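Residue-level listing of the chains:
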Amino acid sequence: MTSVTDVVVIGAGQSGLTAARTLQAHGIRPVVLEAGPEPAGSWPLYYDSLTLFSPARYSTMPGLDFPGDPGHYPHRDEVASYLRRYADSLGADIRTSTPVTAVEADGQAGFVVRAGAGQSFHAAGVVAATGSFGNPYLPDLPDQERFTGRLLHVAGYRRPHQHAGERVIVVGAGNSAVQVGYELAQVATVTLATRHPVTFHPQCRGGQDLHHWLVTSGFDLLPPEWLRHYLGGRWVVDTGKYRHALQTGQLDRRPMFTAFDADRVVWPDGTWEKVDTVVFATGYRPDLDYLNPLGALDGGGMPVHAGGISATHPGLVYLGLEFQRSFSSNTLRGVHRDAEHVITPLAAHVRNAPAAVGL
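What comes next is a walk through the structure. (Residues numbered from 1 in each chain as written. Predicted model: local features only at pLDDT ≥ 70, side-chain atom pairs only at ≥ 80, totals over all residues. Heavy atoms only, no water.)

### A look at the sheet that holds strand β8 (residues 167–171)
Stated precisely, the cut-off is as follows: One requirement defines pairing of two strands: DSSP has to find at least two bridges between them. Strands are runs of DSSP state E lasting at least 2 residues, helices are runs of H or I lasting at least 4, and numbering of each runs from the N terminus. Axes here mean lines fitted to C-alpha atoms, for a helix over just the part in contact, with angles spanning 0 to 180 degrees between N-to-C directions. Residue contacts are defined here by distance: any two heavy atoms, one from each residue, within 4.5 Å place the two residues in contact.
Strand order in this open sheet of 5 strands is β7-β18-β8-β9-β14, and the pairing throughout is parallel. Among the strands making up the open sheet, the edge pair consists of β7 (150–153) and β14 (252–255). Going across the sheet, the axis of each strand differs from the next one's by a mean of 25°, ignoring polarity. In this sheet, strand β9 (residues 189–194) lies alongside β8 in parallel orientation, the contact comprising 5 bridges. Within the sheet, the bridge partner assigned to Val170 lies in β9 and is Leu192. The sheet strands contacting helix α3 (residues 175–184) are β8 and β9, and the helix crosses β8 at an angle near 170°.

### Quick notes on unusual backbone geometry
To keep it simple, the criterion reads: The buried label applies to any residue whose accessible area, calculated with a 1.4 Å probe on protein chains only, is under 20% of its type's maximum; exposed applies above 50%, and partly exposed to all values in between.
Positive phi outside glycine occurs at Asp143, with the angle close to 65°. For Asp143, the location among the structural elements is in the loop between β6 (120–128) and β7. Of note, the phi angle at Phe323 is positive, near 55°, even though the residue is not glycine. Mapped onto the elements of the fold, Phe323 is located in the loop between β21 (316–318) and α7 (335–350). Here Phe323 falls in the partly exposed class, since its relative accessible area comes to 28%.

### What about the sheet that holds strand β16 (residues 264–266)?
Taken in spatial order, the 3 strands make up an open sheet running β15-β16-β17, and their pairing is antiparallel. Of all strands in the sheet, those with a lone pairing partner are β15 (259–261) and β17 (272–274), marking the two edges. Strand-to-strand twist of the sheet, defined as the mean angle between neighbouring strand axes without regard to direction, takes the value 30°. With 3 bridges joining them, β15 and β16 adopt antiparallel strand pairing. Bridging from a neighbouring strand, Asp261 pairs with Arg264 of β16.

Dropping the structure here:
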């Protein structure tokens, strides 16, 4: 079955829904394709205890306030529910359980978007808004394939009691690693394995949440070219409980192990230790394999773009990439700015602006 539309938005999480809203504001009614069963992106798939580090007042998308106390920190399920309501408010053509398998050039300066069940869509424009949850990054360590314990990425982790009584190593020094390591330490013996010491940043400063300062100071808007000078490595937002857990030995931290061996890991000092589970909280990469047939990605699978606008194909734009244009690019509060940035030229492309000037 083949359909024709102006723009296909791939993904119905916060980025895809914001793209749909912005396109509608430009007079374009897109088709939104979502692989999952509901328009909530990857939020329902995160671990059970996940809560935002940003209060509700700083977790709102344009057109719909986040419900509840503006100062509370929303739980995973609250975010998923909010996105469902946001999708309903748009009145957009959102098609769930429709995974995109490939985007190809159609030979007429447009695209063919191929989806499951033999569906295809001809479109003048494509918004790639699939985020990164579907592409977790796993480092490749010596003898990893021989490890007989359990290996998983934090994307596949759900709840601590599945690991009660185990010896667990959590690899990583970011927010997810520390949050998951902390809750596992309530029921298991846990070590954080990191290449550098964990860096903490206070959740509150001067009586205000960190996100108050990110927004009011303009830090949210700083470009990635500058951020690398300020941020250095990862840092963990902390009320004090995570630092205290490390200081008191409730949660252990060691330099990253160097290899696996059967049911053990090898620490840098050469000692061996039996381990039940290793959880990699090592981040994600953009989930864009469906663009491989188009030739829009570099050799490492990363999009070739400038601020979310494809440098390889007119009519292709991206939303939801980490630090796409600023510190807040892939956040609930910030993605709308990137949406306006990429949708404005996309709308001109769809309306064939070059032809209007004789090109």
